[in-house]
Each structure stands twice: as C-alpha cells, then as structure tokens.
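Each chain, letter by letter, is given below.
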Amino acid sequence: MKSVFLALVGLLCASLLTTAAAAGKNGAEVAQACVMCHGENGLSMMPGTPSLAGQSDIYLVSQLKQFRDGQRHNEIMNVIAKPLSDAEIEAVSAWFAQFEVVLKKR
C-alpha cells in the first residue's frame, strides 16, 4: 500500500514539475496536475480529498501558499505546491473558483 502511495506521489510530482517548469501556463493547464486527486474540474470523488470547484480564489491562494511555504502540512500537497510560483497559484485558484457548484435534493 505504501509503495502505491509513493508511486502516486511520484507521478503527481513529475506532472507538476513539468507543468511548473513551463512558464506562462494558465490556470487550466496548471490544474491538470490536480485532477488525479481533486477530480475533473475540481469535483473530488476521492474520500478525504476536498473538492476545489467553486471555492473562493482568495481561500485557494491562501491554502496553496501555506502548503508551498510549509505553514500547512500534508505530505502530498507540500510536495505538489513547493515548485508553484505566486502567478501559477493565482491562476489555478482562479480556474477552480470560476465553477459554480449547485446542490440539489434528489
């Protein structure tokens, strides 16, 4: 189980490093590194992983910077956020914030 987890982290890191290395990526492009855990367009289907769609961009920027700077601790997110620039964090946060999430009764 731990080797599967480490392999997943490795894949996520490789994806993010490739994304972060290319300057000028927009939010949708940076967000491609997030969809494995947080779901397509930020709607998570993974237990324990929050959905990002519809969250405030101010909140998302704050959280990503805290992960990047080591003020908030999560072994996956600290590694994922570490190489992100302020501009990439702002772009990906704006991308997820643009979605409107509507809850309906069944």
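So, how was this worked out
- Counting starts from 1 at the beginning of each chain's written sequence and moves along it residue by residue.
- Side-chain atom pairs in this predicted model are given and counted only at pLDDT of 80 or more, local residue features only at pLDDT of at least 70, and totals for whole chains, interfaces and linings cover all residues.
- With hydrogens and water stripped out, all remaining heavy atoms of the structure feed into the side-chain values.
- Each reported salt bridge corresponds to a side-chain nitrogen of Lys or Arg within 4 Å of a carboxyl oxygen of Asp or Glu.
- By definition, any uninterrupted DSSP run of H or I lasting at least four residues is a helix, any uninterrupted run of E lasting at least two residues is a strand, and each is numbered from the N terminus.
- Only protein chains enter the accessibility calculation, which uses a 1.4 Å probe; a residue is then buried when its area is under 20% of its type maximum, exposed when over 50%, and partly exposed in between.
- To form a nonpolar core, buried Ala, Val, Leu, Ile, Met, Phe, Trp, Tyr and Cys residues must be joined to one another through side-chain atoms within 4.5 Å.
- Throughout, a residue-residue contact means that at least one pair of heavy atoms, one from each residue, lies within 4.5 Å.
- For this analysis, a polar contact is any N or O atom pair within 3.5 Å, provided that within protein one partner can donate a hydrogen and the other can accept it, and provided that sequence-adjacent residues contribute only side-chain to side-chain pairs.

## Some details on the pattern of salt bridges
Oppositely charged side chains can form a pair if their charged atoms are brought close together. All chains considered together, the criterion is met by three salt bridges. In this structure, Asp86 and Lys65 form a salt bridge, with 4.0 Å as the shortest nitrogen-oxygen distance. You can see Asp86 sitting in helix 6 (residues 86-97) and its partner Lys65 sitting in helix 4 (residues 57-68), a full 21 residues away along the chain. The class of Asp86 is partly exposed, set by a relative accessible area of 37%. Among the residues examined, Lys65 registers a relative accessible area of 23% and is labelled partly exposed. Asp69 serves as the salt-bridge partner of Arg68, at 3.0 Å between the closest nitrogen and oxygen. The class of Arg68 is buried, set by a relative accessible area of 15%. Counted as one network, the salt bridges with shared partners bring together Lys65, Arg68, Asp69 and Asp86.

## Concerning the nonpolar core
Membership of the largest hydrophobic core comes to 14 residues, with the highest contact counts inside it found for Leu64, Ile89, Val92 and Phe96. For this core, the elements supplying multiple residues, two or more each, are helix 2 (27-31), helix 4, helix 5 (75-81) and helix 6. Examining the composition of this core, we find that four residues originate from one element, helix 4, more than from any other. Apart from the residues lying within four places of it in its own chain, the contact partners of Phe96 are Ala31, Cys34, Asn41, Gly42, Leu52, Ala53, Gly54, Gln55 and Leu60.

## Some thoughts on the environment of Val61
Its place among the elements puts Val61 in helix 4. It is 9.9 Å that separates the C-alpha atoms of Val61 and Ala87, two residues lying 26 residues apart in sequence. If sequence neighbours within four positions are ignored, Val61 has contacts with Ile89, Glu90 and Ser93.

## Considerations on unusual backbone geometry
Positive phi is not limited to glycine here, since Asn41 has a value of about 60°. Residue Asn41 is classed as partly exposed on the basis of its relative accessible area, which comes to 32%.

## Side note on the side chain of Asn78
As for its placement among the helices and strands, Asn78 is situated in helix 5. Look at Asn78 and you get buried, because its relative accessible area is 18%. From its side chain, Asn78 meets the backbone nitrogen of Asn74 in a polar contact 2.8 Å long. Not counting residues within four places of it along the chain, the set of residues in contact with Asn78 comprises Phe67, Gly70, Arg72 and His73.

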